[in-house]
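Secondary and tertiary structure notes
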Amino acid sequence: MTLRTFGFSEFGFLLQALQWTVLLTVIALIFGGALGFVVALARTSRSNALRLAAATYIQLIQGIPVLMILFLSYYGLSLAGFELPPLFAAGASMAIYASGYLAEIWRGCIQAVPKQQWEASESLALSPLQQYRYVILPQAIRISLPPTVGFAVQVVKNTSVTSIIGFVELARAGTLINNATFQPFRVFVAVAILYFVVCYPLSQLSRVLEKRLHVGSSR
Amino acid sequence: MSEVVVENVHKSFGALEVLKGVSLTVGRGEVFALIGRSGSGKSTLLRCMNGLEKINSGRIEIAGHVLGGDAKALRSLRTDVGIVFQSYNLFPHLSVGENIMLAPRIVKGVPRAEALGIAREVLQLVGLSEKIDAYPDQLSGGQQQRVAIARSLAMRPKVMLFDEVTSALDPELTEEVLLVMERLARDGMTMILVTHEMGFARRVATQTIFMHKGTIWEAGPSGPLFADPRTPELRQFVKADVK
Ligand SMILES: Nc1ncnc2c1ncn2[C@@H]1O[C@H](COP(=O)(O)OP(=O)(O)OP(=O)(O)O)[C@@H](O)[C@H]1O
Ligand SMILES: [Mg+2]
């Protein structure tokens, strides 16, 4: 067997895998975001039962390694007779993982809106739904931008765990190419650079947003 | 015709009884000043009047609504009762105009053009017509407070409640806000205001209520009440203010 060298076509393969990493991140943020948003609302609701349920969910998800969520959804469900394609299992696991953290981040943002904003809008006869829609959430969303973008960076990096169920994202692609070329240093430097190229702009964006929101509240 | 009737209201926070049987009647167009030491229950009484705090017993009727109904009844009450707080509480993400138009539009369903007309009108009333497109953080404290008053007026309330609305302001800014309130009073608005501005209470309020330890300690027409306090507590309170 002849060893391949790490050349253009191999790099192209990594780039392709990077697309899967990005896709997985996007799936995690969209579905995890939707679920996390509902959990955040429940976590800040007036109902004790809802708050407790949401808090339990958050604790549970944050208390389990992503890897276990992945195993549970991939192997657990296949044991139960559902054969999940890796993308589905990976996407679902990452979304569940993201939902637990986004819910907690957004809970903090909703609660960071001063309680006087609730009182003022309540006193103007707004219903609770209208208070959320027109007064609380617009402010909470502004507050949430830096930490949410910051969390997206974590998601990008954490997608690498899905390689373990055979999903070929960037980390898995790196391993495969290394097996074929046995040039681990070159291969993984390339992989690391690709992660960096995605994560660095996000981190910077988060920082810029943070700064901009800190300088007074003017837009 | 009375616009506000408070009957034997009791209110506790846990074991702490803050209102111990408060009763008062405010006629239409009257201006009541609530004065008293810190912690005497002034804010609590005011907040009970628009349902921000729930009373333990007693009865409150305001602008033709009786407190204690369901959420919908409470919202209906609040369209008729405006409240302004010490800390302005404008919505920072909305312009002045949007702050004012929000409740008329989404609560009362007033069309945009009409809501804009209302916004212009109430802004003119508080002397801030040119600020309609400004954002709250571009305004001084006094201007923000006047916008907060305008925002309440845009709902066409029958009663206005004010909780120490000038306490966070410098003296010059206090004056511009008091002027607006005085004009409102002259125009016949029924008003209840918690205030530390004794001069203002004396000049503008038809009645002044001195609260002490959760009860109405002394009450009556403002002139005589300030000129000749009957209780030593009020005498002391008024004297302390002069100093
Ligand atoms: N939400 C609350 N929970 C517990 N205690 C409260 C609450 N709100 C007010 N109190 C207490 O009730 C008492 C009366 O408070 P209130 O705010 O009505 O006084 P006040 O007369 O408005 O005083 P100030 O002049 O300082 O504004 C105080 O002892 C206060 O600590
Ligand atoms: Mg007070």
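Residues numbered from 1 in each chain as written. Chains lettered and ligands numbered in written order. Predicted model: local features only at pLDDT ≥ 70, side-chain atom pairs only at ≥ 80, totals over all residues. Heavy atoms only, no water.

Per an unreviewed UniProt entry, chain B carries the name Amino acid ABC transporter ATP-binding protein and comes from Rhizobium straminoryzae. Check the Sequence similarities (unreviewed entry) section of the UniProt entry for chain B; it says "Belongs to the ABC transporter superfamily." For the record of chain B, the UniProt heading Subcellular location (unreviewed entry) holds the text "Cell membrane". (UniProt positions renumbered as here; feature names shortened; annotations may be inferred.)

The name an unreviewed UniProt entry assigns to chain A is Amino acid ABC transporter permease, from the organism Rhizobium straminoryzae. You can read under Sequence similarities (unreviewed entry) in the UniProt record for chain A the words "Belongs to the binding-protein-dependent transport system permease family. HisMQ subfamily."

In the UniProt entry, the feature "domain: ABC transporter" (unreviewed entry) is given for residues 4–238 of chain B. Across residues 4–238 of chain B, helical content stands at 40% and strand content at 27%; the span's end C-alpha atoms are separated by 26 Å. (Helix = DSSP H or I, 4+ residues; strand = E, 2+ residues; numbered from the N terminus.)

Within this numbering scheme, the UniProt entry marks residues 18–206 of chain A as carrying the feature "domain: ABC transmembrane type-1" (unreviewed entry). This span, residues 18–206 of chain A, is 84% helix and 0% strand, and a straight line between its end C-alpha atoms measures 21 Å.

Residues and elements named next belong to chain A. Under the present numbering, the feature "transmembrane region" (unreviewed entry) in UniProt falls on residues 20–42, 54–75, 87–106 and 185–203. Secondary structure over residues 20–42 splits into 100% helix and 0% strand, and the C-alpha atoms at its two ends are 32 Å apart. Secondary structure across residues 54–75 comprises 91% helix and 0% strand; the distance between its end C-alpha atoms is 26 Å.

Okay, the side chain of Asn50(B) next. Within the secondary structure, Asn50(B) sits in the loop between helix 1 (42–49) and strand 4 (57–62). When neighbours within four sequence positions are excluded, Asn50(B) is seen to be in contact with Ser123(A), Leu67(B), Leu74(B), Leu77(B), Arg78(B), Val81(B), Ile83(B) and Leu161(B). (Contact = heavy atoms within 4.5 Å.)

Let's shift gears to the interface of chain A and chain B. Each partner contributes to the interface: chain A provides 20 residues, whereas chain B provides 24 residues. Buried area between chain A and chain B, summed over both chains or domains, comes out near 2,000 Å², and the portion from carbon and sulfur atoms is 61%. Counting every contact that joins chain A to chain B gives 2 salt bridges. Between Glu122(A) and Arg78(B) there is a salt bridge, with its nearest N and O atoms 3.0 Å apart. Across the contact surface, chain A and chain B share 6 residue pairs in polar contact (both at pLDDT 80 or more). Breaking the side of chain A that touches chain B down by element, the ones donating at least two residues are helix 5 (115–123) and helix 6 (128–158) of chain A. (Buried area = accessible area lost by both parts, 1.4 Å probe. Salt bridge = Lys/Arg side-chain N within 4 Å of Asp/Glu carboxyl O. Polar contact = N/O pair within 3.5 Å; in protein donor to acceptor, adjacent residues only side chain to side chain.)

Once that is clear, we can look at the site of ligand 1. Residue and element names in this part refer to chain B. Near ligand 1, the surroundings consist of 13 residues, among which Ser38, Gly39, Lys42, Ser43 and Thr44 are the closest. A distance of 2.7 Å separates an oxygen atom of ligand 1 from a polar side-chain atom of Ser43. Between Glu164 and ligand 1, the recorded distance is 3.2 Å, taken from a side-chain N or O atom to an oxygen atom. Within the complex, the protein chains bury 59% of what would otherwise be the 630 Å² of accessible surface of ligand 1. Going through the elements one at a time, strand 2 (16–27) and helix 1 are the ones with two or more residues in the shell around ligand 1. Broken down by element, the shell around ligand 1 gets its largest block of residues, 3 residues, from helix 1. Of the residues in the shell around ligand 1, the class split is 3 nonpolar, 7 polar and 3 charged. (Near = heavy atom within 4 Å. Areas by Shrake-Rupley, 256 points an atom, 1.4 Å probe, with all protein chains shown as cover. Nonpolar A, V, L, I, M, F, W, Y, C, P; charged D, E, K, R; others polar.)

On inspection of all chains with the given rule, the structure shows 11 salt bridges over all chains. Residues joined in a network through salt bridges with shared partners are Glu119(A), Arg47(B) and Glu53(B).

All right, on to the nonpolar core then. Counting residues in each nonpolar core, the largest one holds 64 residues, and the members touching the most others are Val6(B), Leu45(B), Met49(B) and Ile192(B). No other element matches the 9 residues that helix 4 (residues 86–112) of chain A contributes to this core. Counting 51 residues, the second largest nonpolar core, distinct from the first, contains Tyr88(B), Val165(B), Leu178(B) and Met189(B). (Core = buried A, V, L, I, M, F, W, Y, C linked by side-chain atoms within 4.5 Å. Buried < 20%, exposed > 50% of the residue type's maximum accessible area, 1.4 Å probe, protein only.)

Now for the environment of Phe6(A). Secondary-structure assignment places Phe6(A) in the segment before helix 1 (8–43). In contact with Phe6(A), other than residues within four places in its own chain, are Phe11(A), Leu14(A), Ile177(A), Thr181(A), Gln183(A), Arg186(A), Val187(A) and Ala190(A).

All names here are of chain A. A cluster of nonpolar side chains, Val22, Val26, Ile30 and Phe31, forms an exposed patch at the surface whose accessible area comes to about 370 Å². Considering the arrangement of structural elements, one finds Ile30 in helix 1. You can call Ile30 exposed: its relative accessible area is 52%. (Patch = residues over 30% accessible without salt bridge, like charges linked within 9 Å, V, L, I, M, F, W, Y side chains within 5 Å.)

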